[in-house]
Amino acid sequence: MADGAAGGVPIELRKVTKAFPGGGEPAVRELDLHIPAGEIVVLLGPSGCGKTTTMRMINRLIEPTSGDILIGGRSSRDIDPDRLRRHIGYVIQQAGLFPHMTVAANIAQVPRMLGWPRKRIAERVDELLTLVGLEPETYRNSYPRRLSGGQQQRIGVARALAADPPVLLMDEPFGALDPISRERIQDELLRLQEELAKTIVFVTHDVDEALKIGDHIAIMQRPGHVVQYARPAEILTNPASDHVEQFLGGGSSMRLLRLTHVGDIELDRIPYASEDMDARDLLREVELDGRGHALILDGMRRPLRWIAQAELEGIQGPVGDAGEPVTVSIAHRMTLQDALETLLNADTDVLPVLGRRRAYAGALSLGTVQNAIQSIKARERERRLRRGEAP
Ligand SMILES: Nc1ncnc2c1ncn2[C@@H]1O[C@H](COP(=O)(O)OP(=O)(O)OP(=O)(O)O)[C@@H](O)[C@H]1O
């Protein structure tokens with residue numbers, strides 16, 4: 001990025017406690033948490049478990065009662081709070097934009113405070129609008145009230161990113177959006193993050209949002225402590241306690257289908273050949289395989305056509321241009337849930353999976369997905385057995 005793409009820095013919470021004056025139990029109690037550079041770490045938990053307090057201690061909107069917070073290895077206590085906040089973007093629910101300022105003025109707040117020249121600010125505003133998927137021409141001079149909730153939230157993200165801070169704090173940023181806008185902006189955030197690799201602390205009490213967004217998830221409970229800190233798939237297959245399991249709710253296998261990508265599972269193998277392969281050789285492979293068809297690939301290993309055993313039997317010499325074009329395929333980046341949907345709507349019972357550069361990477365059938373589901377269930381059974389529960 002033009003501003004020297006500041007990647008993320010790690011954040012370390014060490015025995016951090018916050019007791020509000022007059023409060024009973026502390027809002028946050030001896031919290032230890034390591035947030036790796038460039039990751040999205042989600043704080044997930046029920047209302048009142050201390051998520052917002054934890055987040056606000058990172059940018060010193062709230063001062064810890066005890067313990068230490070290191071940002072990029074430096075204690076936040078040794079960093080001037082105003083300076084600290086300029087290096088930490090903050091996104092809140094309903095964006096918190098100033099209604100009397102244009103979109104451009106809202107985004108430009110921090111750069112203006114930093115005394116950037118006018119031209120650089122204007123360029124940065126346009127760059128950020130493009131980055132969050134809004135056309136600068138259309139939006140830079142609009143006022144927030146004219147925009148949808150999703151658009152306002154995008155501007156909120158653009159504003160937080162304005163001075164290219166290494167850290168972003170996002171407190172229930174998409175909580176007020178309808179489900180469709182919410183899905184879309186989550187996807188946008190993940191796309192942005194691939195490019196920017198910020199360190200993002202993201203607060204939510206929505207389990208599905210946490211599973212989708214988080215590289216790691218910290219599940220918190222009252223009073224302000226972490227009961228499990230792990231990757232999403234591990235949290236689903238191996239919740240640390242009955243409490244965590246209850247909080248996650250049912251449907252963990254379906255959720256795993258949403259979390260698991262086609263590239264993560266063992267794919268089917270079906271016979272394949274290039275157009276210059278001898279039809280007899282391919283026929284032998286198809287007979288051995290027993291499913292009655294093969295794929296023809298081009299020189300870059302991209303699937304071209306399906307060919308049936310009966311058709312192969314009638315060909316002498318190279319396979320050539322025989323067969324039926326491949327019209328539907330599955331990308332290895334798809335979730336198993338989306339792949340299943342594609343498979344159920346296709347008129348063949350097996351589809352080729354495309355890896356990098358759309359090259360053939362394997363095949364997927366209902367059986368493949370079923371095997372994946374079964375191995376997920378087997379892992380869950382193993383976990384229950386380990387914990388001494390009935391399978
Ligand atoms: N300024 C304050 N003064 C006194 N108590 C507070 C203050 N802010 C938060 N608390 C208390 O600290 C505890 C944790 O609050 P916090 O807002 O961090 O929880 P949360 O997990 O973010 O909740 P929610 O999901 O509802 O936002 C709560 O019991 C809350 O009442």
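Up top is the structure these notes are about.
Keep in mind that what you see is a predicted model, and the values were worked out from it rather than measured.

## Regarding the overall build of the protein chain
So, step 1. The helix and strand inventory of the protein chain stands at 16 helices and 17 strands.
So, step 2. Along the longest, intermediate and shortest principal axes, the C-alpha atoms of the protein chain span 85 × 60 × 35 Å.
So, step 3. Looking at the protein chain as a whole, 38% of its 391 residues are labelled buried.
So, step 4. Partitioning the intrachain contacts of the protein chain with sequence separation of at least 6 by distance along the chain shows that 65% fall at a separation of at least 24.

## A few points about the packing of helix α7 (residues 149-161) against helix α8 (residues 179-196)
So, step 1. Taken N-terminus to C-terminus, the directions of α7 and α8 make an angle of 25 degrees; their axes are 10 Å apart at the nearest point. Taken together, the axes of α7 and α8 are roughly parallel relative to one another. Classified by chirality, the crossing of α8 by α7 is right-handed. Residues Gly-149, Gly-150, Gln-153 and Arg-154 of α7 lie in contact with α8, whose contacting residues are Ser-181, Arg-184 and Ile-185.
So, step 2. Considered class by class, the residues forming the contact of α7 with α8 number 1 nonpolar, 4 polar and 2 charged.

## A word on the nonpolar core
So, step 1. By size, the foremost hydrophobic cluster in this structure holds 99 residues, and its most contacted members are Val-42 and Ala-218.
So, step 2. For this core, the two domains that each supply at least three residues are domain 1 (11-249) and domain 2 (264-370).

## Considering the site of the ligand
So, step 1. Around the ligand sit Phe-20, Gly-23, Ala-27, Gly-45, Ser-47, Gly-48, Cys-49, Gly-50, Lys-51, Thr-52, Thr-53 and His-205, and those are all the residues in its vicinity.
So, step 2. Of the residues assigned to the shell around the ligand, the class counts are 3 nonpolar, 8 polar and 1 charged.

## Quick word on the sheet that holds strand β15 (residues 330-331)
The strands making up a sheet associate through hydrogen bonds between their backbones, and the pairing can be parallel or antiparallel.
So, step 1. Read from one edge to the other, the open sheet built from 3 strands follows the order β15-β16-β17, with strand pairing classed as mixed. At either margin of the open sheet sits one strand with a lone partner, and together these are β15 and β17 (360-365).
So, step 2. Strand direction decides the pairing type here: β15 and strand β16 (residues 350-354), joined by 2 bridges, are parallel. Bridged to Ile-330 within β16 is Val-353.

## A closer look at the environment of Val-286
So, step 1. Looking at where Val-286 falls in the secondary structure, it is placed in helix α13 (residues 279-289).
So, step 2. In this structure, the C-alpha to C-alpha distance between Val-286 and Ile-307, residues 21 residues apart in sequence, is 9.9 Å.
So, step 3. Beyond its immediate stretch of four places on either side in the chain, Val-286 contacts Pro-271, Gly-292, His-293, Ala-294, Gln-309 and Leu-312.

## Observations regarding helix α1 (residues 51-58)
So, step 1. Most of α1 is tucked away, with 7 of its 8 residues classed as buried.
So, step 2. For α1, every residue scored as buried is listed here: Lys-51, Thr-52, Thr-53, Thr-54, Met-55, Met-57 and Ile-58.
So, step 3. Directly after α1, the chain includes Arg-60, whose backbone phi takes a positive value near 60 degrees.

## Describing unusual backbone geometry
So, step 1. In this model, Arg-222 is joined to Pro-223 through a cis peptide bond whose omega is -10 degrees.
So, step 2. Despite not being glycine, Glu-172 shows a phi value in the positive range, around 45 degrees.
So, step 3. Of note, Glu-172 is situated in the loop between β7 (167-171) and α8.
So, step 4. Take Glu-172: there are 19 C-beta atoms within 10 Å of it, and that puts it in the partly exposed class.

## A word on the sheet that holds strand β5 (residues 74-75)
So, step 1. One open sheet holds the 4 strands; their spatial order is β2-β1-β4-β5, and the pairing between them is antiparallel. The sheet terminates laterally at β2 (28-35) and β5, the two strands that pair on one side only.
So, step 2. Where strand β1 (residues 11-18) meets strand β4 (residues 66-71), 5 bridges bridge the pair, whose relative direction is antiparallel. Bridge assignment links Leu-13 to a residue of β4, and that residue is Ile-69.
So, step 3. Packed onto the sheet, α1 meets β1, β2 and β4 and runs at close to 120 degrees relative to β1.

## What about the environment of Pro-10?
So, step 1. Among the structural elements, Pro-10 can be located in the segment before β1.
So, step 2. Taking the C-alpha atoms as reference points, Pro-10 and Ala-176, 166 residues apart in sequence, are found 29 Å from one another.
So, step 3. Not counting residues within four places of it along the chain, the set of residues in contact with Pro-10 comprises His-34, Ile-35, Pro-36, Ala-37, Gly-72 and Thr-199.

What counts and how
The residue numbering used here restarts from 1 in each chain and proceeds along that chain's sequence as written. In keeping with the predicted nature of the model, local features appear solely for residues at pLDDT of at least 70, side-chain atom pairs appear and are counted solely at 80 or more, and the whole-chain, interface and lining totals rest on all residues. By definition, any uninterrupted DSSP run of H or I lasting at least four residues is a helix, any uninterrupted run of E lasting at least two residues is a strand, and each is numbered from the N terminus. Partly exposed residues are those falling between the two cut-offs: more than 12 but fewer than 20 other C-beta atoms within 10 Å of their own, whereas 20 or more means buried and 12 or fewer means exposed, with C-beta atoms placed from the backbone. Contact between residues is assigned whenever the C-beta positions, reconstructed from backbone atoms, fall within 7 Å. Helix axes use the C-alpha atoms of the stretch in contact, all axes being lines fitted to C-alpha atoms, and the angles between their N-to-C directions lie in the range 0 to 180 degrees. The labels follow the angle: roughly parallel below 35 degrees, roughly antiparallel above 145, roughly perpendicular from 65 to 115, and oblique for the rest. Two helices crossing with the near one rotated counterclockwise from the far one by less than a right angle form a left-handed crossing, whereas a clockwise rotation gives a right-handed crossing. Each residue is assigned to one class: nonpolar for Ala, Val, Leu, Ile, Met, Phe, Trp, Tyr, Cys and Pro, charged for Asp, Glu, Lys and Arg, and polar for all the others, Gly among them. A set of buried residues drawn from Ala, Val, Leu, Ile, Met, Phe, Trp, Tyr and Cys, joined through C-beta atoms within 7 Å, is what defines a nonpolar core. Delimitation of the domains relies on an automatic or database domain assignment. To decide nearness, the C-beta atom of each residue is placed from the backbone, and the residue is near a molecule or strand if that atom lies within 6 Å of it. DSSP-based pairing: two strands are paired if at least 2 bridges between them are found.

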